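Per-entry structural report
As a plain string of letters, each chain reads:
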Amino acid sequence: MGWDIQSYSIALLFDMDAREVEGHAEITAARTTGENFVLHARGPEILSLQVDGEDREWTRSGDELRLGPLEGEEVRVSVSWRALPSEGIGGLQWGADVVFSFHEPEYARKWLVLYDVPSDKASLSWEITVPEGLTVAANGELQGVESAGGENVWSFVLDGPVPTYLMAVH
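These notes cover the structure that comes with them. Since the structure is predicted, the reported quantities are computational estimates derived from the model, not experimental observations. (Residues numbered from 1 in each chain as written. Predicted model: local features only at pLDDT ≥ 70, side-chain atom pairs only at ≥ 80, totals over all residues. Heavy atoms only, no water.)

1. Topic: the side chain of Thr 28
Keep this limit in mind: Helical segments are the DSSP runs of H or I of at least four residues, strand segments are the runs of E of at least two, and each set is numbered from the N terminus. Per-residue accessibility, obtained with a 1.4 Å probe over protein chains only, is compared with the maximum for each type, and a residue is labelled buried under 20%, exposed over 50%, and partly exposed between these values. Any two residues having at least one pair of non-hydrogen atoms within 4.5 Å are treated as being in contact.
For Thr 28, the position within the fold is in strand S2 (residues 20-31). Assessed through its relative accessible area of 12%, Thr 28 is described here as buried. Beyond its immediate sequence surroundings of up to four residues, Thr 28 is in contact with Asp 4, Ile 5, Gln 6, Ser 7, Glu 74, Val 75 and Arg 76.

2. Comments concerning the sheet that holds S2
Test applied: When DSSP finds two or more bridges between a pair of strands, those strands are recorded as paired.
Here eight strands make up an open sheet; going across it, the order is S5-S4-S8-S2-S1-S11-S13-S12 and the pairing mixed. Edge positions in the sheet fall to strand S5 (54-55) and strand S12 (141-148), since each of these pairs with one other strand and no more.

3. Remarks on the pattern of salt bridges
The criterion, for reference: When a carboxyl oxygen of Asp or Glu lies within 4 Å of a side-chain nitrogen of Lys or Arg, that pair is called a salt bridge.
By the definition in use, this model includes nine salt bridges. As a salt-bridge pair, Asp 63 and Arg 42 come within 3.2 Å of each other at their nearest N and O atoms. You can see Asp 63 sitting in the loop between strand S6 (59-61) and strand S7 (64-66) and its partner Arg 42 sitting in the loop between strand S3 (38-40) and strand S4 (45-51), a full 21 residues away along the chain. Looking at Asp 63, the relative accessible area reads 22%, which means it is partly exposed. A relative accessible area of 40% places Arg 42 in the partly exposed class. Two residues, Arg 82 and Glu 45, come together in a salt bridge whose shortest N-O distance is 2.9 Å. In this pair, Arg 82 is assigned in strand S8 (residues 74-83) and Glu 45 in strand S4, connecting sequence segments 37 residues apart.

Quick look at the structure:
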């Protein structure tokens, strides 16, 4: 890919009954060459995709979302999706009141939308919404928990670079 991912800011809403996740990511990337911009999404249904605040056309080829050539030296990609993670190995695993992720080597793309290549690293922040009574653990330092309408929103920040296969939500 002709871009280096600098940071991910990912918001997730878990529906424990439907075993569904709604997600939104703000992805910042810096140009390295003139190639096209690519993200990975094996399972998620893409609801919207913007580049620098403008709706963007994209195509899907296998696991890849291709955004075509992008202009500028830095871009901010915003993408929203819905995922119904499978019960198979990798990605996101469900139990009665337990959910955990396993992304090694390239399973993050099964339920997240990102550049899922083991050698790529970026900073990360999570905002994870779950029903009250559940506890969330994720990469980074816990910034706080806020209650809102029967749900809790857990916020985590990891300033150092992390590859997608080490991103974790439990």
